[in-house]
Amino acid sequence: MNEFKIADREIGQGHPVYVIAEGCDNHMGNMEVAKEMCRQAKLAGADCIKFQHHLPDEEMLKEVPMSSNFDMPLYDFLKLHALTLDQHVELLSYCKEIGIQYLCTPFSLKAAYELNEIGVDAFKIGSGEMTDIPSLTEIAKLGKPMIISTGMCTTEEIRRTYDALIPFGTPIALTNCLSEYPPLYEDVNLNYIGEMKRNFPLAVIGHSDHTPDLYTCYAAVALGASIIEKHVIVSKQTPGPDQTVSIDFHDLYHLVDGIRKIQLALGCEKKVHEKEQSIREWAFRSIVTRRPIRAGEIIEADMIWSKRPGTGIPSHQMHTVIGRRARHDIEENVLLKIEDYE
């Protein structure tokens, strides 16, 4: 099942790359900012804007260690800035109004149940929940597609989750991911995308990116990723736990534009295309005379060579001309013709 639908959007091999603008908590709890992110994601050409549904007391203890990339304990940050379920309902409705897919990451089973009740079309599962088999199997029972990130995980852990979920028949995607914020490029290991496609053939394979620029996303598409997820932020000056790994919407526009162009260029057929035909005529080389050749003279190698255009005898046939006899006088520096020799 290496393709599936989210609403009416086909995702997987042979379909346009599904681009997720990950809004995370970069709205800082401000609904106007969240709606602006929805609008900007739509204008940039993304397929989806995604937020996060946090119920802090369901997902963590208060004493969870603080992330090294932010100066506030995560529990305290989420208590202050996480969106409420009513706000998710409002954003879901707004996204339908403006014509962009709304997705959300549940960080607990209760959060998944609540999102299911409001009508989300799919679930995005963060890397931290990738190994939480009890929760994931319950979410899989809801029957909606699951896009699961694989940061911090070993191949064996990914296999365990894959094997646990496949029997439910729920469509799944696995995204290559590195949970460093931001990552070292030598840790990204984009070629693992190919390994994932071979090892997990019933899953759609994508790439969830935490680099501060666009290059690894472009490469992931070239390597076969069917989903690209990228963190976005209205202003790089906005503080927050995801600020260092987020791009602005100007960069998102270029990301989407580049992905669409790269995917168009990923064919594997080698042929002469229609727009190349006219160029062949002048760019290829034909046999020309290097000096005047008299009637009856044997054509030798030093009498001819190759020059543009390619409208005469092709230069690769030069060996078939050498040793022939000129039928008539031939001028210097002209295209040789078949009727010039016998």
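Our structure's up above, just so we're on the same page.
What counts as what
- Residues numbered from 1 in each chain as written.
- Predicted model: local features only at pLDDT ≥ 70, side-chain atom pairs only at ≥ 80, totals over all residues.
- Heavy atoms only, no water.
- Helix = DSSP H or I, 4+ residues; strand = E, 2+ residues; numbered from the N terminus.
- Rg over C-alpha atoms; globule rule 2.2 N^0.38 Å.
- Buried < 20%, exposed > 50% of the residue type's maximum accessible area, 1.4 Å probe, protein only.
- Lys, Arg positive; Asp, Glu negative; His and termini not counted.
- Charge placed at Lys NZ, Arg CZ, Asp CG, Glu CD.
- Arc of directions from axis to C-beta.
- Contact = heavy atoms within 4.5 Å.
- Core = buried A, V, L, I, M, F, W, Y, C linked by side-chain atoms within 4.5 Å.
- Axes fitted to C-alpha atoms, helices over the stretch in contact; angles between N-to-C directions.
- Parallel < 35°, antiparallel > 145°, perpendicular 65-115°, else oblique.
- Left-handed = near helix turned anticlockwise from the far one by under 90°.
- Pairing = 2+ DSSP bridges.

**Student:** So what exactly am I meant to see when it comes to the overall build of the protein here?
**Tutor:** Along the backbone of the protein there are 12 helices and 12 strands. Whereas a compact globule of 342 residues would reach a radius of gyration of roughly 20 Å, the protein reaches 30 Å, over 25% beyond that. In terms of its C-alpha atoms, the protein occupies a principal-axis envelope of roughly 100 × 45 × 40 Å. Sorting the 342 residues of the protein into buried and exposed places 48% on the buried side. In the protein, 35 side chains carry a positive charge and 50 a negative one; their mean positions are 9 Å apart.

**Student:** Can you walk me through helix α3 (residues 74-81) in this structure?
**Tutor:** Because an α-helix completes one turn every 3.6 residues, residues spaced three or four positions apart along the sequence face the same direction. For α3, every residue scored as buried is listed here: Tyr75, Phe77, Leu78 and His81. Down the axis of α3, the sector holding all buried residues measures 160 degrees, keeping them to one side. In this structure, the buried residues of α3 make contact with α2 (56-59).

**Student:** Is there a simple way to explain the side chain of His53 in this structure?
**Tutor:** Within the fold, His53 resides in strand β4 (residues 48-53). The residues touching His53, leaving out its near neighbours within four places in the chain, are Glu59, Leu83, Leu85, His88, Cys104, Thr105, Pro106, Phe107, Ala111, Glu114 and Leu115.

**Student:** Explanation requested: the nonpolar core in the structure shown.
**Tutor:** Considering soluble globular proteins, one finds that nonpolar side chains tend to be buried as a cluster. In this structure, Ile49, Phe51, Tyr102, Met146, Leu174 and Leu252 are the most contacted members of the largest nonpolar core, which totals 58 residues. Among all residues touching Ile49, those that are not within four sequence positions of it are Ala21, Gly23, Met37, Cys38, Ala41, Cys95, Ile100, Gln101, Tyr102, Leu103 and Val232.

**Student:** Is there a simple way to explain unusual backbone geometry in this structure?
**Tutor:** Trans is the common state for peptide bonds, and a negative phi is the common state for residues other than glycine. Omega for the bond connecting Tyr181 with Pro182 falls within 30 degrees of zero, at -10 degrees, which places this linkage in the cis form. Looking at the secondary structure, you find Pro182 in the loop between β8 (172-177) and α8 (192-199). Note that the residue after Arg308, namely Pro309, is joined by a cis bond; omega there is 5 degrees. With respect to the secondary-structure elements, Pro309 resides in the loop between β12 (304-307) and α12 (318-321). Backbone geometry at Cys24 places phi at a positive 40 degrees, although glycine is not the residue there. Mapped onto the elements of the fold, Cys24 is located in strand β3 (residues 18-24). Positive phi, normally seen in glycine, also occurs at Asn333, with a value near 60 degrees. Given a relative accessible area of 47%, Asn333 falls into the partly exposed group.

**Student:** Looking at this structure, I do not really get the packing of helix α1 (residues 31-44) against helix α10 (residues 249-264). What am I missing?
**Tutor:** A pair of packed helices is captured by two measures, namely the crossing angle of their axes and the spacing between those axes. For the pair α1 and α10, the least separation of the axes is 8 Å and the interaxial angle reads 30 degrees. Relative to α10, the element α1 lies roughly parallel. Judged by the twist between their axes, the crossing of α1 over α10 is right-handed. Taken together, the residues of α10 that come into contact with α1 (itself represented by Met37, Gln40, Ala41, Leu43 and Ala44) are Phe249, Leu252, Tyr253 and Val256.

**Student:** What's the story with the pairing of strand β1 (residues 3-6) in this structure? I'm lost.
**Tutor:** Along any regular strand, the residues point their side chains to alternate faces of the sheet. Burial of β1 is one-sided: the residues Phe4 and Ile6 facing one way are buried, the residues Glu3 and Lys5 facing the other way are not. As paired strands, β1 and strand β2 (residues 9-12) are joined by four bridges and run antiparallel to one another. What sits directly across from Glu3, in β2, is Gly12. The hairpin formed by β1 and β2 contains two residues between the paired strands, and Ala7 there has a positive phi angle of roughly 55 degrees.

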